[in-house]
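What follows is the residue order along each chain.
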Amino acid sequence: MSALGIWEPLAVKAQTYKTAVELSVQLNPGFHSPPGGDLLHVRAVGENDTLHYLFCSQGAPTLLLVHTNTSSSTLKVNWTQFLDRNVSGGLEVEPKSSVLYSTAIVFSKLLEYDDFNDTAQPSSTFFPLYDLQNFNWSRLNLSGSTSLLCGTEGTLGNGSLCLQLSVFDVEGRGEAWPRLLHTANSSQLELWLDGVSPRSNHSRFLLELLAVGGAYTPSHVEIHRSIDDEFTPSMFSVSRWVPELNGSHQVPGFFQWKPVAYRQPHPVLEDATSCHHSDPLPQSGETAAAMSGLIRAFYTEPEVFGLNVSFGLAGDPFYNSTRFLSWTLLAGVGSPPMDSISPLVISMMAVGLGVPLVFVLLGSVYVCTRKTVVTTPYQPIN
């Protein structure tokens, strides 16, 4: 069982969004086919800055973001040190002085429990956990600015756990639910469990995530609510895992998700299931570095916070009902993209509030008019 407290309750200059960037993708730079897993480097170059995305399957799957203040920063990999995984410094972004901010997210563990009483509250009925650093990961499958990584493990049966990374050169929105809003400063990771053999008829899952950084490591989760569910039906909030900055609303980086997962690859509303997160708790930097080759290579003394995301509420169907579960995470630098109230919702509000107001005004005019009518006194008939 994870030690992240599963059911505990829930001065930096802001970076502007890039309107468009130039993307370049390189798999295993300087090494044709390294043993133990792949390293993907996506370089997003703006007018005067660069965002480096590094996605790695050496150990537990990890996404690292490095933001620099120059459009000429480059990646340097010392493959001997990188593959050795005993010392840091195997991976650097140069010049080092150009680095504005870096953060990483590690997909560390998958947990399964028997929710026999249908409470969606994990107790001691956990099965042996799935340690993702020990999975047999496929080679990265690249398609444009999207890459797919799938892993298997003996007790998964014929099923797999997959991660799909998408990077963007302009602002937009995902085509599939939950249709997260993204910018050229962000990337999207979609995770799904497909065909995994549940170890009970009442299985539910949790995912353990580690946020890693130097300064300004994401350390708390904020919940932002909205009245607009146009793009993610029935969801009126978004969760943002951001650094603690002494009350400042400007953050250097973030991880963001809607609290919803889906039980079908092409879902309808009935396939949605809510998810919850635990409070982030400090974790061992050495443990994170040992499970992820990318963390070991880039960070000397990483600061780490971990949390669990649980899938399903009491009364929701169990994993066995479809044997599929998907969840989507956005990772980026600068302030998180925010959904504004759409014109459709504004129009509906205008109609809903405007029509009653018109009737009130007409009624007021009528009453005022009646009060000003001069009446003739009654004349009795002689």
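Rules and cut-offs
- Throughout this document, residue positions are counted from 1 along each chain, in the order its sequence is written.
- In keeping with the model being predicted, local features are shown solely for residues with a pLDDT of at least 70 and side-chain atom pairs are shown and tallied solely at 80 or more, while totals for entire chains, interfaces and linings include all residues.
- Where side-chain values are given, they derive from all heavy atoms of the structure, hydrogens and water being excluded.
- Counting from the N terminus, the helices are the DSSP runs of H or I reaching at least four residues and the strands are the DSSP runs of E reaching at least two.
- Think of it in three bands: residues with accessible area under 20% of the maximum for their type are buried, residues over 50% are exposed, and the middle band is partly exposed, with areas taken using a 1.4 Å probe on protein chains only.
- For the area figures, the Shrake-Rupley method with a 1.4 Å probe applies, and any residue is considered shielded solely by the protein chains shown.
- We define the nonpolar core as a collection of buried residues of types Ala, Val, Leu, Ile, Met, Phe, Trp, Tyr and Cys that are connected through side-chain atoms lying within 4.5 Å of one another.
- The contact criterion used throughout is that any non-hydrogen atoms of two residues lie within 4.5 Å.
- By convention in this document, the label disulfide applies to cysteine sulfur atom pairs within 2.5 Å.
- What qualifies as a polar contact is a pair of N or O atoms within 3.5 Å, subject to a donor-acceptor requirement within protein and to the restriction that residues adjacent in sequence count only when both atoms come from side chains.
- Residues with no salt bridge and a relative accessible area higher than 30% make up the patches, which join like charges within 9 Å and nonpolar side chains (Val, Leu, Ile, Met, Phe, Trp, Tyr) within 5 Å.
- Note on definitions: salt bridges are taken to be side-chain nitrogens of Lys or Arg within 4 Å of carboxyl oxygens of Asp or Glu.

### Considerations on the overall build of the chain
Each helix and strand in the chain was counted, giving four helices and 24 strands. Taking all 382 residues of the chain together, 51% fall into the buried category. If you sum the accessible surface of the chain, you get close to 18000 Å²; carbon and sulfur atoms cover 55% of it.

### Description of the nonpolar core
If you look at the biggest cluster of nonpolar residues, it comprises 49 residues, and the most contacted ones within it are F107, W241 and W327. Here this core gets five residues from one element, more than from any other, and that element is strand β24 (residues 324-333). Beyond its immediate sequence surroundings of up to four residues, F107 is in contact with A60, P61, L132, L163, L189, L191, L207, E208, L209 and L329. Of all hydrophobic cores here, the second largest spans 25 residues; its members include L39, L91, F298 and Y299.

### Some words on the state of the cysteines
For the structure shown, the criterion picks out one disulfide. Across a sulfur-sulfur distance of 2.1 Å, C150 and C162 are joined as a disulfide pair. Between C150 and C162, the S-S torsion sits near 110°, and that sign places the bridge as right-handed. Taken together, the residues C150 in strand β11 (residues 146-152) and C162 in strand β12 (residues 160-167) connect sequence positions twelve residues apart.

### Thoughts on the environment of L91
Locating L91 in the fold gives a position in strand β6 (residues 91-94). Since its relative accessible area comes to 1%, L91 is described here as buried. In this structure, the C-alpha to C-alpha distance between L91 and R296, residues 205 residues apart in sequence, is 9.0 Å. Setting aside chain neighbours within four positions, we find L91 in contact with L39, L54, L64, L75, K76, V77, F82, L294, A297 and F298.

### Here's the deal with the side chain of Q256
Note on placement: Q256 falls in strand β19 (residues 253-257). Within the structure, the side chain of Q256 is placed 2.6 Å from the side chain of R240, a separation counted as a polar contact. When residues no more than four places from it in sequence are discounted, the contact partners of Q256 are L180, V238, S239, R240, T328, L329, L330, P336 and P337.

### Topic: a nonpolar patch on the surface
A grouping of V25, L27 and L142 is seen on the molecular surface, where their side chains present a nonpolar patch of about 200 Å² in accessible area. Among the secondary structure elements, V25 is positioned in strand β1 (residues 22-27). Exposure remark for V25: the relative accessible area of 39% places this residue in the partly exposed category.

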